[in-house]
Amino acid sequence: MQQEDLQRAAKEIDDADFILITAGAGMGVDSGLPDFRGKEGFWRAYPYAKKHNLAFEELANPIWFKKDPFVAWAFYGHRLNLYRETTPHSGFFKLLNIAQSKKDYFVFTSNVDGQFQKAGFSDKKIDEIHGSIHYLQCVDCCTPNIWSAKNIEVDIDFENFRAKEPLPTCKYCGEVARPNILMFGDFNWLSQREEEQRANLVKFLESINNKKLVVIEFGAGKAIPTIRIASEDLAREFSATLIRINPRDYDGPPDAIKLPLGAKDAIEKIYSYIEK
Ligand SMILES: [Zn+2]
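Residues numbered from 1 in each chain as written. Predicted model: local features only at pLDDT ≥ 70, side-chain atom pairs only at ≥ 80, totals over all residues. Heavy atoms only, no water.

### What to know about the overall build of the protein chain
Within the protein chain, the regular secondary structure consists of eleven helices and eleven strands. The C-alpha radius of gyration computed for the protein chain amounts to 19 Å, which stays within 12% of the reference 19 Å derived for 276 residues, consistent with globular compactness. Along the longest, intermediate and shortest principal axes, the C-alpha atoms of the protein chain span 55 × 35 × 30 Å. A total of 276 residues make up the protein chain; the buried ones form 53% of that total. (Helix = DSSP H or I, 4+ residues; strand = E, 2+ residues; numbered from the N terminus. Rg over C-alpha atoms; globule rule 2.2 N^0.38 Å. Buried < 20%, exposed > 50% of the residue type's maximum accessible area, 1.4 Å probe, protein only.)

Here you go:
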């Protein structure tokens, strides 16, 4: 049964003119990145959160940059370093290979880790709907400007879960800087970078023009179903086949191809079926 579904998926991808890749945290798991699934998963990655009984939503909250910026930067600095050190798994490269063989492709993701860019996907073909950890903004929004984090180094005392001095600061007012990520309970996220990316997505969608689109979704969970809903809505709107790849939450619309697999495994299997 699964083999049939894989062959169908490969055929749909083979026949498509355009590919829309949608991805949640499950995409990065095979690169060794945590997906913070459930409180236990989050606590395994961050013992500090366990000790203080903090859920992901409570630590991934801008309030920490005011309350205790050293804790805030222990959390985000650790993730920044982790994402910088991580090599995207081989599935990313095979997926890029497939995407580049088409008229055009686009990536729509809630991941803030920059792994698609790192694997060679064009920055102009990605919408990071929750922002990116590789960009910074002022915690007080003294300026609408967003700047690259590439020259920022954050050292962390992980034992005590505190970033070491100096913390990243706003280059305009000297206040603490924060990642340009949409956090929980976040009213200060500066969204203009994402709005520019969104405009590129709109252009991509307009260019499809009755040609064949396929939507391939990877590891998008149900806790925050933004990616899943977007995949389903866009597939419907463009009469596209939705291929949902998820080892757990693979259920979906009746006409979707559902593959209960991890991202890397699924891409490798599909890749082997695609006519080259
Ligand atoms: Zn500032």
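### Notes on the coordination of the zinc ion
Coordination of the zinc ion by the protein involves Cys 138 (SG), Cys 142 (SG), Cys 170 (SG) and Cys 173 (SG), with metal-donor separations of 2.3 Å. Seen from the zinc ion, its four donor atoms lie at angles of 104 to 114°, and the figure they make is tetrahedral. For the zinc ion, all donor residues lie on one chain, and their spacing in sequence is C-x3-C-x27-C-x2-C. Placement of the pair is Cys 138 in strand 4 (residues 131-138) and Cys 173 in the loop between strand 7 (162-163) and strand 8 (177-181), with a sequence separation of 35 residues. On the basis of relative accessible area, Cys 138 is assigned to the buried category, the value being 0%. (Donors = N, O, S within 2.8 Å, 3.2 Å for Na, K, Ca; no water. Tetrahedral: all angles 85-135°; square planar, octahedral: opposite > 155°, others 65-115°.)

### So, the pattern of salt bridges
Applying the stated rule across the entire model yields 19 salt bridges. The residue Asp 15 makes a salt bridge to Lys 11 at a minimum N-O spacing of 2.6 Å. Of the two residues, Asp 15 and Lys 11 both sit in helix 1 (residues 2-15), four residues apart, roughly one turn of that helix. With its nearest N and O atoms 3.3 Å apart, the salt bridge here joins Asp 233 to Arg 236. Residue Asp 233 and its partner Arg 236 are located together in helix 10 (residues 226-237), separated by three residues, close to a single helical turn. Using a relative accessible area of 37% as the deciding quantity, one classes Asp 233 as partly exposed. Look at the salt bridges and you will find they share partners, linking Asp 127, Glu 194 and Arg 198 into a network. (Salt bridge = Lys/Arg side-chain N within 4 Å of Asp/Glu carboxyl O.)

### Focus: the nonpolar core
The tendency in soluble globular proteins is for nonpolar side chains to be buried as a group. Counting residues in each nonpolar core, the largest one holds 39 residues, and the members touching the most others are Phe 42, Leu 59, Phe 65, Trp 73, Phe 75, Tyr 76 and Phe 161. Looking at which element gives the most residues to this core, the answer is helix 6 (residues 69-85), with eight residues. Contacts of Trp 73, omitting those with residues within four sequence positions, involve Phe 65, His 78, Leu 136, Val 154, Ile 156, Ala 163, Leu 167, Pro 168, Val 176, Ala 177, Arg 178 and Pro 179. Within the second largest apolar cluster, 34 residues are counted, among which are Leu 6, Phe 92, Phe 121 and Ala 266. (Core = buried A, V, L, I, M, F, W, Y, C linked by side-chain atoms within 4.5 Å. Contact = heavy atoms within 4.5 Å.)

### Quick notes on the pairing of strand 8
Of all the five residues making up strand 8, five are buried; the element is thus mostly covered by neighbouring parts of the structure. Relative to strand 8, strand 4 runs antiparallel, the two being bridged by five bridges. Residue Leu 136 lies in a different strand from strand 8, and its bridge partner there is Pro 179. (Pairing = 2+ DSSP bridges.)

### Topic: the packing of aromatic side chains
Within the structure shown, the criterion is met by 19 aromatic pairs. Their ring planes at 45° and their centres at 5.5 Å tell us that Phe 42 and Tyr 46 sit as a pair that is tilted. Using a relative accessible area of 1% as the deciding quantity, one classes Phe 42 as buried. Judged by relative accessible area, Tyr 46 falls into the buried class, the value being 0%. When the centroid spacing of 5.0 Å and the interplanar angle of 75° are considered together, the rings of Phe 92 and Phe 116 count as edge-to-face. Here the residue Phe 92 occupies a position in helix 7 (residues 90-100), and Phe 116 occupies one in helix 8 (residues 115-118), the gap between them amounting to 24 residues. Judged on exposure class, the residue Phe 92 and its partner Phe 116 are both buried. Chaining the aromatic ring pairs together yields one cluster made of Phe 42, Tyr 46, Tyr 48, Phe 56, Phe 65, Trp 73, Phe 75, Tyr 76, Phe 158, Phe 161 and Phe 184. Sitting above the plane of the Tyr 135 ring, Arg 193 keeps its charged end 4.0 Å from the centroid. (Phe/Tyr/Trp six-rings, centres within 6.5 Å; stacked < 30°, edge-to-face > 60°. Lys NZ or Arg CZ within 6 Å of the ring centre and 35° of its normal.)

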